[in-house]
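Take a look at the letters that make up each chain.
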Amino acid sequence: MSGVLAIEARGLFKSFDGKPAVRGIDIAVPEGSIYGILGPNGAGKTTTLRMLLGIIEPDQGSRSLLGHARPLEVARIVGYLPEERGLYPAMATREAIAFMGALRGLPLEVGRKRAEILLRENGLGDYVDKPIRSLSKGMAQTIQLFGTIIHKPRLVVLDEPFSGLDAINQGRLEHLIREEAASGTTVIFSTHVISHAERLCERIAIIADGRIRFEGLVAEARDRLRPQVRLRTRAEDGAWRGALPDDAHPRNGFWEFELPGEGVEPLLKALIDGGAGIEELSIERPGLHDAFVAIAGEAAAREMEQDSRAESEAAA
Amino acid sequence: MGLFEAAWVIARRDFVATVYSRSFILFLLVPLIVFSAAMGTGYMAQRNDRSAAQPVVALIADSATVEALGWARARLVAGTAEQSLPPLRPVAPAENVRAQAARLLADEQDGYSAVLSGTLERPVLTGPPGVEDGLGAQLQLVIDMARRDAAFAAAGGAPPRTEIRRVVTAEAAGNLKRIRRNIAQTAQTIIFGVTVMLATLLLSNLAEEKSNKVIEVLAAAVPLDSVFLGKLLAMLGISMVGMALWSGTLGLLYLFVQALQDWMALPDAAPAVGWPAFLLLVLVYYSANYMLLGALFLGIGGQASNIREIQTLSMPVTLLQVFVFLLAMSAVGGDGGAMMWTAYILPFSSPLAMVAHAAQHASPWPHLAALAWQALWVVLIIRASSRLFRATVLKSSPGGAFFSLASLLGRKPG
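Residues numbered from 1 in each chain as written. Chains lettered and ligands numbered in written order. Predicted model: local features only at pLDDT ≥ 70, side-chain atom pairs only at ≥ 80, totals over all residues.

### Considerations on the overall build of chain B
Then, number 1: Per the secondary structure count, chain B includes 15 helices and four strands.
Then, number 2: Whereas a compact globule of 414 residues would reach a radius of gyration of roughly 22 Å, chain B reaches 31 Å, over 25% beyond that.
Then, number 3: For chain B, the spread of C-alpha atoms along the three principal axes comes to 100 × 50 × 45 Å.
Then, number 4: Looking at chain B residue by residue over its 414 residues, the buried ones come to 33%. (Helix = DSSP H or I, 4+ residues; strand = E, 2+ residues; numbered from the N terminus. Rg over C-alpha atoms; globule rule 2.2 N^0.38 Å. Buried ≥ 20, exposed ≤ 12 C-beta atoms within 10 Å, placed from the backbone.)

### Remarks on the interface of chain B and chain A
A common measure of how large an interface is: the accessible area buried when the components associate.
Then, number 1: At the junction of the two partners, chain B supplies 21 residues and chain A supplies 24 residues.
Then, number 2: Elements that contribute at least two residues to the side of chain B that touches chain A include exactly α1 (3-19) and α8 (214-221) of chain B.
Then, number 3: Per element, the largest residue contribution to the side of chain B that touches chain A is seven residues, and it comes from α8(B).
Then, number 4: Of the residues belonging to the side of chain B that touches chain A, the class tally is twelve nonpolar, four polar and five charged. (Contact = placed C-beta atoms within 7 Å. Nonpolar A, V, L, I, M, F, W, Y, C, P; charged D, E, K, R; others polar.)

### Points about the environment of B:V131
Residues and elements named next belong to chain B.
Then, number 1: Mapped onto the secondary structure, V131 falls in the loop between β4 (123-126) and α5 (134-154).
Then, number 2: For the pair V131 and L371, spaced 240 residues apart in sequence, the C-alpha to C-alpha distance is 56 Å.
Then, number 3: Excluding residues that lie within four positions of it along the chain, V131 makes contacts with A114, L125 and G136.

### Section: the domain arrangement of chain A
Then, number 1: Annotation of chain A at the domain level lists domain 1 (5-222) and domain 2 (226-284).
Then, number 2: Placing a centre on the C-alpha atoms of domain 1 of chain A and another on those of domain 2 of chain A gives a separation of 46 Å. (Domains from an automatic or database assignment.)

### Some thoughts on the packing of helix α9 (residues 224-260) of chain B against helix α10 (residues 275-303) of chain B
Residue and element names in this part refer to chain B.
Then, number 1: One way to put it is that α9 packs onto α10 with a least axis distance of 10 Å and a crossing angle of 135°. Put simply, α9 runs oblique to α10. Our pair here, α9 against α10, has a crossing hand that is right-handed. Contacts from F228, K231, L232, M235, L236 and S239 in α9 reach S287, Y290, M291, G294, A295 and L298 in α10.
Then, number 2: Residue classes in the contact of α9 with α10 are distributed as eight nonpolar, three polar and one charged. (Axes fitted to C-alpha atoms, helices over the stretch in contact; angles between N-to-C directions. Parallel < 35°, antiparallel > 145°, perpendicular 65-115°, else oblique. Left-handed = near helix turned anticlockwise from the far one by under 90°.)

### Brief notes about the confidence of the model for chain B
Caution applies to low-pLDDT parts of the model: their predicted coordinates are not meant to be read in detail.
Then, number 1: Looking at chain B as a whole, its pLDDT mean stands at 85, while 91% of the residues score no less than 70.
Then, number 2: Across the predicted assembly, pTM comes out at 0.76 and ipTM at 0.82. (pLDDT = per-residue confidence, 0-100.)

### Observations regarding the environment of A:D247
All names here are of chain A.
Then, number 1: Within the secondary structure, D247 sits in the loop between β10 (228-233) and β11 (249-251).
Then, number 2: Sequence separation of D247 and F257 is ten residues, and the distance between their C-alpha atoms is 5.8 Å.
Then, number 3: Setting aside chain neighbours within four positions, we find D247 in contact with F257 and E258.

### Concerning the sheet that holds β4(B)
Note: strands within a sheet are paired through backbone hydrogen bonds, in either parallel or antiparallel orientation.
Residues and elements named next belong to chain B.
Then, number 1: One open sheet accounts for four strands, arranged β2-β1-β3-β4; its pairing is mixed. At either end of the open sheet lies a strand with only one pairing partner, and these are β2 (88-91) and β4. Sheet twist, expressed as the average angle between the axes of neighbouring strands with direction ignored, equals 25°.
Then, number 2: Sheet analysis places strand β1 (residues 56-60) next to β2, joined by four bridges and oriented parallel. Paired with V57 across the strands is L88, a residue of β2.
Then, number 3: Against the sheet, helix α4 (residues 97-106) contacts β1, β2, β3 (112-118) and β4, and its axis sits at roughly 165° relative to β3. (Pairing = 2+ DSSP bridges.)

### Notes on the domain arrangement of chain B
Then, number 1: Taken domain by domain, chain B comprises domain 1 (3-32 + 173-409) and domain 2 (55-154).
Then, number 2: The gap between the C-alpha centroids of domain 1 of chain B and domain 2 of chain B is 55 Å.

### Some remarks on the sheet that holds strand β8 (residues 203-208) of chain A
Residue and element names in this part refer to chain A.
Then, number 1: Here six strands make up an open sheet; going across it, the order is β5-β6-β7-β3-β8-β9 and the pairing mixed. Both outer strands of the open sheet, β5 (78-81) and β9 (211-217), are each paired with one neighbouring strand and no more. Strand-to-strand twist of the sheet, defined as the mean angle between neighbouring strand axes without regard to direction, takes the value 10°.
Then, number 2: The sheet contact formed by strand β3 (residues 34-38) and β8 spans four bridges and is parallel. Following the sheet pairing, G36 is matched in β8 by I204.
Then, number 3: Along the sheet, helix α9 (residues 288-296) makes contact with β3, β8 and β9, crossing β8 at roughly 45°.

### What to know about α1(B)
Then, number 1: Taking 1.5 Å per residue, 17 residues should reach 24 Å; α1(B) reaches 24 Å between its end C-alpha atoms and fits that length.
Then, number 2: Within α1(B) the residues assigned to the buried category are B:A6, B:A7, B:V9, B:I10, B:A11, B:R13 and B:D14.
Then, number 3: In this structure, the buried residues of α1(B) make contact with α2 (93-103) of chain A together with α9 of chain B. (Expected span 1.5 Å × (residues − 1).)

### What about the nonpolar core?
Then, number 1: Ranked by internal contacts, the top residues of the largest apolar core, which has 148 residues, are A:V157, B:A295 and B:V355.
Then, number 2: Looking at this core, the element that brings in the most residues is α10(B), giving 14 residues.
Then, number 3: The residues touching B:V355, leaving out its near neighbours within four places in the chain, are B:A184, B:A187, B:Q188, B:I191, B:L281, B:V282 and B:Y285.
Then, number 4: Counting residues in each nonpolar core, the second largest holds 21 residues, with B:I60, B:A72, B:L116 and B:I143 among its members. (Core = buried A, V, L, I, M, F, W, Y, C linked by C-beta atoms within 7 Å.)

### Here's the deal with the packing of α9(B) against helix α14 (residues 365-392) of chain B
Helix packing for two helices is described by the angle between their axes and how far apart those axes are.
Residue and element names in this part refer to chain B.
Then, number 1: Their axes nearest at 9 Å, the elements α9 and α14 cross at an angle of 120°. The pairing of α9 with α14 is recorded here as oblique in orientation. Crossing angle aside, the handedness with which α9 passes α14 is right-handed. In this structure, α9 contributes L224, D225, F228 and L229 to the contact, and α14 contributes I382, R383, S385, S386, F389 and R390.
Then, number 2: Counted by class, the contact of α9 with α14 contains five nonpolar, two polar and three charged residues.

This is the structure we're talking about:
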């Protein structure tokens, strides 16, 4: 990953019919990274991506894509998968992929050849000449994704790419994203499924109510919370109780508390010296979900879970 | 990508998608079916109209009078037209001719307009008030002709025939003017007809992209101007394919009919600019007319969110086209008045008016000015349509200057 920014946005603001959708978004996506934008539906993710791509103009703020203030100037080296998938139903799959490449300046003949290779490599060789309307939703989504990367872009923007896919296709997509990133392509995607971002991204932005609540490394987001300690002792009382921090609380026979700032060694020493009789002790690093709850709030996390559940049911 | 490069990608896709669709065959067949149906019904209607609309006169007379009047009428209509004189239908005289005439005029089935009775020397015309003005004047000619023939026959001779010495020239200005007006009107009608046929297709042209959400993919990759331009070019190409097929079919039909009987000779007179230049100008002005109205309709249709709205828009759009057509017709044999100049200058009527101009005036220079003027308006309308689409459908401020040469050529500013 280089220090050059593939995307830089400052103070993006957009309202529709007087209602603010995005309120001052700042984003910096390093080239070669996988970057996730996390937030519940309606948080402003799609609007942000559409502004970054120049599909809509921001009311305020500035953005640059691969060093260009006008996104269409670099359209040849950008790929975009919109949230609402768009394909011509009567078009053959190979033609659809080649057409999307042609829109980005790839000669049609080259696009057709690459499309055929991509389709065959991904087990869709039988569908080369089949019309889009004959494909399943997941397949059509895969075709559109191929169309997004057919011209070998330097930057790929995916809006809710996992939406509507079953678990197998989600896994395939994750693999494809990793492959793209490994070849030096910057990938930015929006999602309301935290696990995808946690598995794939180096950096994330958490959006809620049109505002950025966090922007940085995934590790930084997780580091906002102290590791959680779960402790079971033989002794019910004693001097060791003085070693427990103020937030320690019993639950299901365990003491639970955040690891004190001094670290684990002083805690262990105090517990042993105080005669706690440690039966079980675990230290868990908080996941991105916990970090999300802490950053965006319980309500936003609940919305995300609901969106995710509804989508899983729809995909099933 | 530059505007034209991107437009070409869009146009190619649309063209191929349409030409290879089943509905394209219908598109090609519809005008031929409509044309054949119009010819057939027109012929039938004309025939019915001819027999229904012409007043018929009952002729109550002896056989000699019937024969004399019949001959006189036949000679007169030979020099004019069958419709110029009322048919005379002989009826055997009854005892009371006056009562017979009244009966005949009251008979709804036969539908006589007047009754002619008596002899050549003392003819009697019975009919409603005013019968003496129209029918009376026409029958007067027939009776006079019959009486002259009878007089010559009684004298044992025939009326002398005046020999007219004929001096043949290339063309008479009056005829030429008339033929060129006809050529102008025919060219205008063809352009108008084809554009009307394409109007609904243009209105609904962006509907597919909007319903399939492809518009988002297009808008992220290429300038919206090129989407509009590409769609227009594709439809223009499709209509050209159609025109080639239709004109080819009509040409073959003409040759076939010519081979059977020589009744459809083309006029010797040529349009003022000559046939090759005129045909080229028809094609160019058709394209200009199509692009101007097409850009407007595409812009209007882009605002519609469903088929119902598109159907609602069709009526005012057709009315607009009819208005433009009527305005452009004022340029045919125009007297240089304000209406004619409005037709030349108003962008939407300009191509039709200039086709008429090409048929009637030889100078090529006005066409260069007109085409430049129309091209400018095509650019302006496409630009305005795409900005409106961006603002209302994509919910974005238009962004950028209304016109930028750099963006037109696909170059980075600065």
